[in-house]
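Listed below, chain by chain, are the residues.
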Amino acid sequence: EELLIDFCEIIGEHSGANLAKAVWNTLELYGLRNWLMAVICDNASNNDTLLQALGEKCADEGINFSNKHSYIHCLPHVIHLA
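Residues numbered from 1 in each chain as written. Predicted model: local features only at pLDDT ≥ 70, side-chain atom pairs only at ≥ 80, totals over all residues. Heavy atoms only, no water.

### Section: the side chain of Ser-70
Operational definition: Secondary structure follows DSSP: runs of H or I at least 4 residues long count as helices, runs of E at least 2 residues long count as strands, and numbering of each begins at the N terminus. Burial status follows relative accessibility: with a 1.4 Å probe on protein chains alone, a residue under 20% of its type maximum counts as buried, one over 50% as exposed, and anything between as partly exposed.
By secondary structure assignment, the location of Ser-70 is in the loop between α2 (45-60) and β2 (71-73). Residue Ser-70 is classed as buried on the basis of its relative accessible area of 8%.

### Side note on the nonpolar core
Under the convention used in this document: The nonpolar core is taken to be a set of buried Ala, Val, Leu, Ile, Met, Phe, Trp, Tyr and Cys residues, with the residues joined through side-chain atoms within 4.5 Å. Any two residues whose heavy atoms approach within 4.5 Å are treated as being in contact.
Val-39, Leu-51, Leu-54 and Phe-65 are the most contacted members of the largest nonpolar core, which has 16 residues in total. Of all elements in the fold, only α1 (16-29), β1 (39-41) and α2 reach the threshold of two or more residues within this core. Beyond its immediate sequence surroundings of up to four residues, Leu-54 is in contact with Ala-20, Val-23, Trp-24, Val-39 and Phe-65.

### Observations concerning α2
For clarity, the threshold we go by: The length a helix should cover is 1.5 Å for every residue beyond the first. This arc is taken over the directions from the axis of the helix to the C-beta atoms.
Spanning 16 residues, α2 covers 23 Å between terminal C-alpha atoms, matching the ideal 22 Å at 1.5 Å per step. Buried residues of α2: Asn-47, Leu-50, Leu-51, Leu-54, Gly-55 and Cys-58, and no others. Each buried residue of α2 sits inside an arc of 135 degrees when the element is viewed along its axis, so together they form one side. Opposite its buried face, α2 presents the exposed residues Ser-45, Ala-59 and Asp-60, each directed more than 90 degrees away. Where the residues of α2 are buried, they touch α1, β1 and β2.

### Focus: the pattern of salt bridges
This is how the line gets drawn: Here, a salt bridge means any side-chain nitrogen of Lys or Arg that lies within 4 Å of a carboxyl oxygen of Asp or Glu.
Taken as a whole, this structure holds three salt bridges when the rule is applied. Residue Glu-28 is joined to Arg-33 by a salt bridge in which the shortest nitrogen-to-oxygen separation is 3.6 Å. Taking relative accessible area as the criterion, Glu-28 reaches 42% and is therefore assigned partly exposed. Here Arg-33 falls in the partly exposed class, since its relative accessible area comes to 24%.

Pasting the structure below:
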């Protein structure tokens, strides 16, 4: 089952740092920080820095999350680009 929990405007550039801030705020809002297991996104370079920033924030908060092992590339995007 899928459920959209947030849809927010990103103020400024869509950098990985700004995206990570928006994701982190949503995780905090709904009490989901400790439930983060993986992130599914396309191959845009800002998603690499998004995951890196989320990994750093989780490490600072003592949350077990590996940005290198938890990045799932969206299969339809990968197939479309192939």
